Amino acid sequence: MQKQGTVIRWDATRAFGFIRSPDTSADVFFHVRDYRGATPPREWLAVVYEEIHVGGKGPRAMAVLPAAQQGGASPSRPAATSTPQRGRQKPSQRAPQSQPQRRRRPPESSGPPNPASPALVLMLGWVALLAWGFWAGRLPWWVLGAALAVNLLTFLVYAIDKSAAQTGQWRTKESHLHLLSLAGGWPGAWFAQQWLRHKSRKVEFRAVYWVTVVLHCGALGAWVGGWLP
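Everything numeric here is computed off the predicted structure, so don't read it as measured data.

Draft legend 1. Local environment of helix α3 (residues 174-195). The end-to-end C-alpha distance of α3 is 18 Å, clearly below the 32 Å that 22 residues give at a rise of 1.5 Å each. The axis of α3 is deflected most strongly, by about 120°, at Gly185, and proline Pro187 appears within four residues downstream. Downstream of α3 by one or two residues, Arg197 has phi in the positive range, about 55°.

Now the structure itself:
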């Protein structure tokens with residue numbers, strides 16, 4: 001059934017958004033692959049679409065088209081325009097019709113993967129710092145269990161976000177991933193980036209990730225060294 005609605009959210013980086021319609025109680029998800037407009041999607045754009053339901057994941061919009069284009073010529077099939085001298089032109093002189101370009105999702109990766117050697121060296125230093133803190137009585141033993149738990153949680157959150165990226169579902173905010181790294185889950189985050197191939201090539205994300213690593217290790221060193229109360 002064709003419905004009408006308004007784009008209330010559009011994420012150009014992740015290439016998906018949501019449509020709100022008075023005919024549907026929940027916001028309707030759509031991906032750039034299902035968009036048929038001549039101009040890029042934007043928020044507060046009035047659209048018409050076909051609504052489907054797949055696997056109990058909520059409504060999804062297909063064949064999304066701006067309402068202004070409804071009933072007009074399809075953007076993928078430009079109408080042929082006649083000219084007064086069309087009969088006199090040779091076939092070789094006719095202007096070729098431009099082919100519609102398929103919309104592609106902008107790639108998330110834009111840099112080389114995380115180097116293994118510095119990360120492994122930092123992990124060894126981190127483990128050594130923890131061990132020295134336990135041996136010297138600077139750290140309580142519950143910190144060991146907390147460190148293991150936060151790293152397992154971080155790896156799990158990365159795996160869930162990777163699955164959501166592949167299926168077009170709600171994603172985990174990058175700020176939440178960075179908070180887990182700052183809390184001590186940065187080794188688990190690094191292994192998730194390498195094994196799951198997730199967030200391993202995005203330069204901006206990696207820069208903030210390494211800042212969280214430095215901040216955490218610095219805070220841990222200050223705690224073990226007795227510079228923090």
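Draft legend 2. Here's a closer look at the packing of helix α2 (residues 142-167) against α3. One can describe the packing of α2 onto α3 by two numbers: an axis separation of 7 Å at closest approach and a directional angle of 60°. Comparing the axis directions of α2 and α3 gives the class oblique. In this structure, the crossing between α2 and α3 has a hand that is right-handed. Across the contact of α2 with α3, the residue classes break down as 14 nonpolar, six polar and one charged.

Draft legend 3. Up close: the pattern of salt bridges. What the rule picks out here adds up to six salt bridges. For Lys3, the salt bridge is made with Glu51, and the minimal N-O distance between the two is 3.2 Å. In this pair, Lys3 sits in strand β1 (residues 2-11) while Glu51 sits in strand β4 (residues 46-53), placing the two residues 48 residues apart along the sequence. Judged by its relative accessible area of 12%, Lys3 falls in the buried class. Where Asp27 meets Arg20, a salt bridge forms, and the shortest distance between an N and an O atom there is 3.0 Å.

Draft legend 4. Layout of the nonpolar core. Within the largest apolar cluster, 21 residues are counted, with the highest numbers of intra-cluster contacts made by Trp126, Leu130, Leu139, Tyr158, Trp186, Tyr209 and Leu220. Broken down by secondary-structure element, the contributors of at least two residues to this core are α1 (116-135), α2, α3 and α4 (203-224). For this core, the leading source of residues is α3, giving six residues. With residues near it in sequence (within four places) discarded, Tyr209 still touches His178, Ser181, Trp186, Ala189, Trp190 and Gln193. By size, the runner-up hydrophobic cluster in this structure holds 13 residues, among which are Val7, Val32, Leu45 and Tyr49.

Draft legend 5. Expanded view of unusual backbone geometry. Phi angles above zero are rare outside glycine, and Ala15 is one such case at about 65°. With respect to the helices and strands, the residue Ala15 is situated in the loop between β1 and β2 (16-20). Even without being a glycine, Trp44 presents a positive backbone phi close to 70°. Relative to the helices and strands, Trp44 resides in the loop between β3 (28-31) and β4.

Draft legend 6. Fine view of the confidence of the model for the protein. This prediction gives the protein a mean pLDDT of 79; 78% of its residues lie at or above 70. Mean pLDDT per element in the protein: α1 is the minimum at 83, and β2 is the maximum at 91. Counting contacts from residues 73-85, a segment whose pLDDT is below 50, to residues more than four positions away or on other chains yields seven contacts. In this model, residues 105-113 is a region of pLDDT below 50 whose contacts with residues beyond four sequence positions or in other chains number 24 contacts.

Draft legend 7. Quick look at the environment of Asp161. Looking at where Asp161 falls in the secondary structure, it is placed in helix α2. Measuring from C-alpha to C-alpha, the distance between Asp161 and Arg171 comes to 5.6 Å, with ten residues separating the pair along the chain. The contacts of Asp161, once residues within four sequence positions are left out, are Arg171, Thr172, Leu177, His198 and Lys199.

Draft legend 8. Seen up close, the packing of α3 against α4. With their axes 9 Å apart at the nearest point, α3 and α4 run at an angle of 95° to one another. Overall, the two elements α3 and α4 adopt an arrangement that is roughly perpendicular. Of the residues in α4, those in contact with Glu174, Leu177, His178, Ser181, Leu182, Ala183, Gly184, Trp186, Ala189, Trp190 and Gln193 of α3 are Phe205, Val208, Tyr209, Thr212, Val213, Leu215, His216 and Cys217.

Reading the values: rules and limits
- Residues numbered from 1 in each chain as written.
- Predicted model: local features only at pLDDT ≥ 70, side-chain atom pairs only at ≥ 80, totals over all residues.
- Heavy atoms only, no water.
- Helix = DSSP H or I, 4+ residues; strand = E, 2+ residues; numbered from the N terminus.
- Expected span 1.5 Å × (residues − 1).
- Bend = angle between axes of the 7 residues up to and from the residue.
- Axes fitted to C-alpha atoms, helices over the stretch in contact; angles between N-to-C directions.
- Parallel < 35°, antiparallel > 145°, perpendicular 65-115°, else oblique.
- Left-handed = near helix turned anticlockwise from the far one by under 90°.
- Nonpolar A, V, L, I, M, F, W, Y, C, P; charged D, E, K, R; others polar.
- Salt bridge = Lys/Arg side-chain N within 4 Å of Asp/Glu carboxyl O.
- Buried < 20%, exposed > 50% of the residue type's maximum accessible area, 1.4 Å probe, protein only.
- Core = buried A, V, L, I, M, F, W, Y, C linked by side-chain atoms within 4.5 Å.
- Contact = heavy atoms within 4.5 Å.
- pLDDT = per-residue confidence, 0-100.

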